[in-house]
Amino acid sequence: ENKIKDYLEVTKNIDNSTKLKFYGAFQQATKGPNNEEAPSRINFVKRMKWESWKDLGNINKEDAMKLYLKELEKADPNWKEASENAKNIKLKSKL
């Protein structure tokens, strides 16, 4: 239970710039380069997300995944341990 609270505390403190990096890297890793039409500048959030993805250009999916993990490591250096703890909690609940 404390590990879950710790995780939620970390994610709550991630700034918008980092969230945009996560978004762009995720989109690049799952969909490839951004070839979508740009949203209107009036829709600020959609436009910022689109730009964060577009800025990655033609990097391949594997490099996008590495970028995502690099940002995750910066945001939460203990993410691997938290992930393992979450798996263990899930496995115990199935027993």
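Conventions we followed
Residues numbered from 1 in each chain as written. Predicted model: local features only at pLDDT ≥ 70, side-chain atom pairs only at ≥ 80, totals over all residues. Heavy atoms only, no water. pLDDT = per-residue confidence, 0-100. Helix = DSSP H or I, 4+ residues; strand = E, 2+ residues; numbered from the N terminus. Buried < 20%, exposed > 50% of the residue type's maximum accessible area, 1.4 Å probe, protein only. Contact = heavy atoms within 4.5 Å. Axes fitted to C-alpha atoms, helices over the stretch in contact; angles between N-to-C directions. Parallel < 35°, antiparallel > 145°, perpendicular 65-115°, else oblique. Left-handed = near helix turned anticlockwise from the far one by under 90°. Salt bridge = Lys/Arg side-chain N within 4 Å of Asp/Glu carboxyl O.

Colleague: Summarise the confidence of the model for the protein chain; cite the residues concerned and give the values.
Modeller: Summing up the model confidence of the protein chain, the mean pLDDT is 86 and the portion of residues at 70 or higher is 78%. The secondary-structure element of the protein chain with the lowest mean pLDDT is helix α1 (residues 2–12), recorded at 62, while helix α3 (residues 44–54) shows the highest, at 97.

Colleague: Run through α3, naming residues and quoting values.
Modeller: Turning to α3, its buried residues are Arg47, Trp50, Ser52 and Trp53. Those residues of α3 that are buried lie in contact with α2 (16–31).

Colleague: Go over the packing of α2 against helix α4 (residues 61–75), please, and point to the residues and values.
Modeller: The N-to-C vectors of α2 and α4 enclose an angle of 155 degrees; their axes lie 8 Å apart at closest approach. Here α2 is positioned roughly antiparallel relative to α4, judged by the angle of their axes. Here α2 runs over α4; the crossing is left-handed. On α4, the residues that touch Thr18, Lys21, Phe22, Ala25, Phe26, Gln28, Ala29, Thr30 and Lys31 of α2 are Lys61, Ala64, Met65, Leu67, Tyr68, Glu71, Leu72 and Ala75.

Colleague: Account for the pattern of salt bridges, naming residues and giving values.
Modeller: All chains considered together, the criterion is met by four salt bridges. Note that Arg47 is salt-bridged to Glu51, the shortest N-O span being 3.1 Å. Here Arg47 pairs with Glu51, and both are found in helix α3, just four residues apart, close to one helical turn. Residue Arg47 is classed as buried on the basis of its relative accessible area of 13%. When its relative accessible area of 25% is taken as the criterion, Glu51 is described as partly exposed.

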